[in-house]
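Structural features, examined
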Amino acid sequence: MRTPGVWWRGKSTPAKVETYTRWSFHFFAVIEVATIGLPAIGQLGSRFGGWALLAVCVHGVLYAVTASRALDWTRGTRDQPVRLLWALGTVTVLIAVGGAVLTEHGPGGADAESAAAVLSVTVPAFGVGAIALGIRDWRRAFALAAGAAVGVAGVVFLVGIPAYAALGAGGAELFMAGVLVSTSVLSLWLLNTVYALDEARETRARLAVAEERLRFGRDLHDVMGRNLAVIALKSELAVQLARRGRPEAVEQMIEVQRIAQESQREVREVVRGYREADLGTELAGAQGVLTAAGIDCEVSGQVTGLPAQVQSALGWVVREAATNVLRHGDTGRCSVSVRVDEGRVTLSVENDGVPVGESGRGSDGEPGSGLVGLRERLMEVGGVLRAGAVGGGLFRLSAEVPLPVAPVTPVTPVTPVTPGADLSERDAEPRRLPAPASASAPVSEVTS
């Protein structure tokens with residue numbers, strides 16, 4: 001069974017904002033019942049107070065359901081709850097009229113009049129605030145608040161309350177309804193903004209991948225375009241020469257073969273340059289992308305002097321780690337460190353905000369395809385990859401690659417010389433001079 005903490009950490013930032021907004025409006029319904037309905041029993045008596053509590057409870061339930069369905073409609077998962085909006089509006093009007101009637105013709109007393117006045121003013125404000133969630137135009141929402149204020153003032157005046165008191169009730173309604181409508185409008189704006197930012201971050205990640213593909217395609221086009229055009233022309237020329245029985249057709253096909261081999265070599269160089277990643281460049285690029293995404297990224301360690309194959313393998317680790325940080329979780333901080341110790345290079349990428357149980361990110365789940373590819377690349381250079389949660393909502397991806405051992409040049413031992421010793425005694429055997437090349441030849445041949 002999932003605990004509340006695990007359930008909350010498993011949500012993305014937009015989902016957390018949506019949950020917070022949804023339950024805030026549910027809590028408003030509870031506040032309405034607790035501050036208006038329950039006190040009415042003691043102020044209006046058991047008879048009128050019981051009916052007032054029942055009416056407020058019904059209004060609170062409609063308020064919560066309407067707010068929830070309106071938020072779903074805002075996110076595009078449901079149709080506009082038109083019937084619920086009309087139902088909530090009807091109940092709101094009935095309670096406001098009933099409260100105004102009780103104010104003038106109720107059981108009497110200061111407490112009863114106060115409770116009835118609260119019913120006629122506060123309940124409409126809550127109702128207008130919930131209805132504002134189901135309206136797209138904020139101008140209509142504030143116009144609805146102004147209309148509710150006019151309506152409350154008119155109803156209060158029609159039941160026989162003096163004009164100054166009716167104006168006071170209308171002013172109070174305008175203030176409370178304006179505050180609740182502003183809360184609803186700003187909550188919807190914040191929720192839509194958070195989702196838009198999240199979509200923009202995903203779009204930026206997709207555009208980065210698309211830009212890399214375009215770069216690779218452009219390089220291939222530059223390399224292969226001209227060569228393929230030459231191959232096509234020379235092949236056509238060779239066909240024409242072969243049809244005429246000209247021996248030059250063979251030379252043209254030999255040239256086609258040479259250009260094809262040269263193109264194959266150039267394509268290998270392009271692919272090799274694409275696959276070999278420079279560690280320093282990848283670290284700088286990852287820091288720039290993460291910082292632009294609003295993630296505090298810190299890079300430490302030196303990468304100069306590392307062999308090319310080690311930088312290439314660790315550069316791919318940085319690419320995959322930065323991609324995972326952008327696409328997964330709710331990361332606010334990321335740290336990347338490079339350490340060289342005892343003939344091994346260790347790259348560690350640690351970030352927070354990882355949802356629990358996310359595919360390819362948990363140490364207990366099945367690894368994602370990106371991690372599998374990294375392990376295969378590191379195995380080629382004798383490295384290992386470790387990935388998993390380290391507690392406190394942190395996730396760590398570390399790669400260790402051994403440094404290649406430099407070849408040792410054998411050194412000829414030198415015999416130490418004792419001070420004062422005769423240097424002529426160092427060589428026990430006399431040195432032999434090489435014999436002349438023509439030692440066996442006659443003297444005359446040598447001198448000639």
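Residues numbered from 1 in each chain as written. Predicted model: local features only at pLDDT ≥ 70, side-chain atom pairs only at ≥ 80, totals over all residues. Heavy atoms only, no water.

1. Observations concerning the overall build of the protein chain
Assigned secondary structure in the protein chain consists of 11 helices and five strands. Counting the 448 residues in the protein chain, one finds 35% classified as buried. In the protein chain, 68% of the contacts between residues at least 6 apart in sequence involve partners at least 24 apart. Approximately 26800 Å² of the protein chain is accessible, and the part contributed by carbon and sulfur atoms is 60%. (Helix = DSSP H or I, 4+ residues; strand = E, 2+ residues; numbered from the N terminus. Buried < 20%, exposed > 50% of the residue type's maximum accessible area, 1.4 Å probe, protein only. Contact = heavy atoms within 4.5 Å. Areas by Shrake-Rupley, 256 points an atom, 1.4 Å probe, with all protein chains shown as cover.)

2. A closer look at helix α9 (residues 308-327)
The terminal C-alpha atoms of α9 lie 29 Å apart, and with 20 residues this matches the ideal 28 Å at 1.5 Å per residue to within 8%. Within α9, 14 of the 20 residues are buried, leaving the element largely enclosed by the surrounding structure. (Expected span 1.5 Å × (residues − 1).)

3. Some details on the side chain of E282
You can see E282 is positioned in helix α8 (residues 279-292). Given the relative accessible area of 15%, E282 is considered buried. A polar atom in the side chain of E282 sits 2.9 Å from the side chain of R319. (Polar contact = N/O pair within 3.5 Å; in protein donor to acceptor, adjacent residues only side chain to side chain.)

4. Structural notes on the packing of helix α2 (residues 13-74) against helix α3 (residues 82-105)
Running from N to C, α2 and α3 point in directions that differ by 155 degrees, and their axes come no closer than 10 Å. Relative to α3, the element α2 lies roughly antiparallel. Crossing handedness for the pair α2 and α3: left-handed. In this structure, α2 uses L44, F48, A55, V56, H59, L62, Y63, V65, T66 and R69 to contact α3, whose residues at the interface are L84, L85, A87, L88, V91, T92, I95 and L102. (Axes fitted to C-alpha atoms, helices over the stretch in contact; angles between N-to-C directions. Parallel < 35°, antiparallel > 145°, perpendicular 65-115°, else oblique. Left-handed = near helix turned anticlockwise from the far one by under 90°.)

5. Remarks on the packing of α2 against helix α4 (residues 110-131)
Remark: α2 packs on α4, axes separated minimally by 10 Å, with the N-to-C direction vectors making an angle of 5 degrees. What the angle tells us is that α2 and α4 run roughly parallel. Contacts from F28, E32, I36, Q43, L44, A52, V56, H59, Y63 and T66 of α2 reach α4 at D111, A112, A115, V118, L119, T122, V123, F126, G127 and A130. Here the residues of the contact of α2 with α4 sort into 13 nonpolar, five polar and two charged. (Nonpolar A, V, L, I, M, F, W, Y, C, P; charged D, E, K, R; others polar.)

6. Some details on the pattern of salt bridges
A full pass over the atoms with the stated rule returns 12 salt bridges. Ionic pairing is found between D137 and R139, a salt bridge with its closest N-O pair at 3.5 Å. Between R396 and E350 there is a salt bridge, and its shortest N-O distance comes to 2.8 Å. Of this pair, R396 sits in strand β5 (residues 394-402) while E350 is found in strand β3 (residues 344-352), placing the two residues 46 residues apart along the sequence. Owing to a relative accessible area of 36%, R396 belongs among the partly exposed residues under this scheme. By sharing partners, the salt bridges in this structure join E18, R22, D72 and R78 into a single network. (Salt bridge = Lys/Arg side-chain N within 4 Å of Asp/Glu carboxyl O.)

7. Side note on the confidence of the model for the protein chain
On average, residues of the protein chain carry a pLDDT of 79, and 82% of them reach 70 or more. Low pLDDT, under 50, characterises residues 417-448; the predicted model gives this stretch five contacts beyond four residues in sequence or across chains. (pLDDT = per-residue confidence, 0-100.)

8. A few points about the environment of V340
By the element assignment, V340 lies in strand β2 (residues 333-341). By relative accessible area, which is 46% here, V340 ends up partly exposed. Considered as a pair, V340 and V401 are 61 residues apart in the sequence and their alpha carbons are 9.6 Å apart. Every residue in contact with V340, bar those within four places of it in the chain, is listed here: L306, V345 and L403.

9. So, the state of the cysteines
Taken as a whole and judged by the stated rule, the model has zero disulfides. C334 takes part in no disulfide bond, and the closest cysteine sulfur, belonging to C297, lies 4.7 Å away. (Disulfide = S-S within 2.5 Å.)

10. Re the pairing of β3
In terms of burial, β3 is largely enclosed, as seven of its nine residues are buried. Relative to β3, β2 is paired through eight bridges, and the arrangement is antiparallel. Each residue of the ladder has a partner; that of S337, found in β3, is S348. Turn length for the β2-β3 hairpin, with the two strands adjacent in sequence and antiparallel, is two residues, and the turn residue E342 shows positive phi of about 55 degrees. Two elements, β3 and β5, share nine bridges in a ladder whose sense is antiparallel. Its bridge partner being in β5, T346 is matched across the sheet by E400. (Pairing = 2+ DSSP bridges.)

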